[in-house]
Amino acid sequence: MLTKRDYAAVAFLTIITVFLMFSMLLIHPFGSPNASAMDQYIIDNTVEETGANNGVTSVVFDYRGFDTLGEATVLFTAVAGVIMIFRRLKK
Amino acid sequence: MNGMTKIVKTIAGISFPFIVIYGLYVIAHGHLTPGGGFQGGAVVASGLALILVAYGSKWAATKIKEHDLSLLESVGAIGFITVAFFGILFGGVFFSNFIVGTDLLFGGIPLAGAADINTGGTLPLMNFAVGLKVIAGLFGIVFIMALAISKKEESA
Amino acid sequence: MILEAIHIILPILIIISAGIAILLKDLLASAVAVAAMSLLLSLEFYILQAPDVAIAEAGVGACLTTAILILAIKGTKRMEEEV
């Protein structure tokens, strides 16, 4: 019943599971980051530098503005692609 | 694609204003409370998709054109880039927060522990631009797919 | 204590609904199972104190993805075929 392909899939999934188990045992505890110097700088200075109470938005739009620019580009490309494909079907 | 029954239309009509107002609140208070342009825009686009599914794409095509949606998305993208380039002009670097600390709109700095909507510098402007872009973009995807499928059903 | 119980129960429910979405042959029911998975995932993000991600996941994952999937099913076939 089981083909060679099924055995290969089971072996592959077993290897992946073992690796994930080992990396899960080595993960650091929840809520205690390894390096927190950058986080502490943002927590201390975000209100004076950006004037925003919400630190996450100040990181997204001010400290890491280039990431948001890339995200906006991705969304624009996705919408342009969808409209290009479906405009032909619409007519 | 035709509309659904009268029950669905009534319930969608009742819950639509609350969804849109919550989404606009998330966009406008992006620099004070959790959320921002993308999250609020996704909520508003969800409400618009609910209306589209409940009333059918034929009814929706009489209210709005796909050209307007792509125009709104371009306006949002250009506004975002323009605010970022004004940072070079007035603040020296790209994405510089040049409004904060001045007497302009959104120029205030909040006191400790207090929340004021007139703060944040360029963050609220960028939130509005990204919110407009996300509303138009995500609703435009659903809208043009619905139009294409209704055309396909008619021809079949 | 209750929070730890929720932290254990919610991922199990997420995995169960994801498995249901794979196993069902009716693609419309499968899309609804994916929406339920997204809703539970946004609840899990909220418990992990990430309300930004929770709002985005609830809006995009539970509503817009379901609408797009249902429109795609309407344009193609509803039942999955045996290969």
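Above this note sits the structure.
Below is a short write-up of the structure. (Residues numbered from 1 in each chain as written. Chains lettered and ligands numbered in written order. Predicted model: local features only at pLDDT ≥ 70, side-chain atom pairs only at ≥ 80, totals over all residues. Heavy atoms only, no water.)

### Some words on the overall build of chain C
Next up, step 1: Tallying secondary structure elements over chain C gives three helices and zero strands in all.
Next up, step 2: With the C-alpha coordinates of chain C rotated into their principal frame, the extents come out at 45 × 25 × 15 Å.
Next up, step 3: Here chain C holds 83 residues, and 33% of them are scored as buried.
Next up, step 4: Accessible area of chain C: about 5,100 Å², with a carbon and sulfur share of 77%.
Next up, step 5: Computed over 4 positive and 8 negative side-chain charges, the inter-centroid distance for chain C is 17 Å. (Helix = DSSP H or I, 4+ residues; strand = E, 2+ residues; numbered from the N terminus. Buried < 20%, exposed > 50% of the residue type's maximum accessible area, 1.4 Å probe, protein only. Areas by Shrake-Rupley, 256 points an atom, 1.4 Å probe, with all protein chains shown as cover. Lys, Arg positive; Asp, Glu negative; His and termini not counted. Charge placed at Lys NZ, Arg CZ, Asp CG, Glu CD.)

### Brief notes about the interface of chain B and chain C
Next up, step 1: Every contact between the two is made by 19 residues of chain B and, on the other side, 14 residues of chain C.
Next up, step 2: Both sides of the chain B and chain C interface together cover about 1,500 Å² of buried area, and 79% of this is carbon and sulfur.
Next up, step 3: Where chain B packs against chain C, one counts one salt bridge.
Next up, step 4: With its nearest N and O atoms 3.5 Å apart, the salt bridge here joins C:K74 to B:E153.
Next up, step 5: Applying the counting criterion to the chain B and chain C interface returns five residue pairs in polar contact (both at pLDDT 80 or more).
Next up, step 6: Counting residues per element, the ones that place at least two in the side of chain B that touches chain C are α2 (37–55) and α5 (123–155) of chain B.
Next up, step 7: Of the residues forming the side of chain B that touches chain C, the biggest block, eight residues, is contributed by α5(B). (Contact = heavy atoms within 4.5 Å. Buried area = accessible area lost by both parts, 1.4 Å probe. Salt bridge = Lys/Arg side-chain N within 4 Å of Asp/Glu carboxyl O. Polar contact = N/O pair within 3.5 Å; in protein donor to acceptor, adjacent residues only side chain to side chain.)

### Regarding the interface of chain A and chain B
Next up, step 1: Taken together, the contacts link 27 residues of chain A with 39 residues of chain B.
Next up, step 2: Of the roughly 2,800 Å² buried between chain A and chain B, counting both surfaces, carbon and sulfur atoms make up 70%.
Next up, step 3: For the pair chain A and chain B, the interface holds one salt bridge.
Next up, step 4: Measuring nitrogen to oxygen at the nearest pair gives 2.9 Å for the salt bridge that ties B:E66 to A:R87.
Next up, step 5: Joining chain A to chain B, the criterion identifies eleven residue pairs in polar contact (both at pLDDT 80 or more).
Next up, step 6: Every element with two or more residues in the side of chain A that touches chain B is listed here: α2 (37–50), α3 (55–63) and α4 (65–90) of chain A.
Next up, step 7: A breakdown of the residues in the side of chain A that touches chain B according to their chemical character gives 13 nonpolar, eight polar and six charged. (Nonpolar A, V, L, I, M, F, W, Y, C, P; charged D, E, K, R; others polar.)

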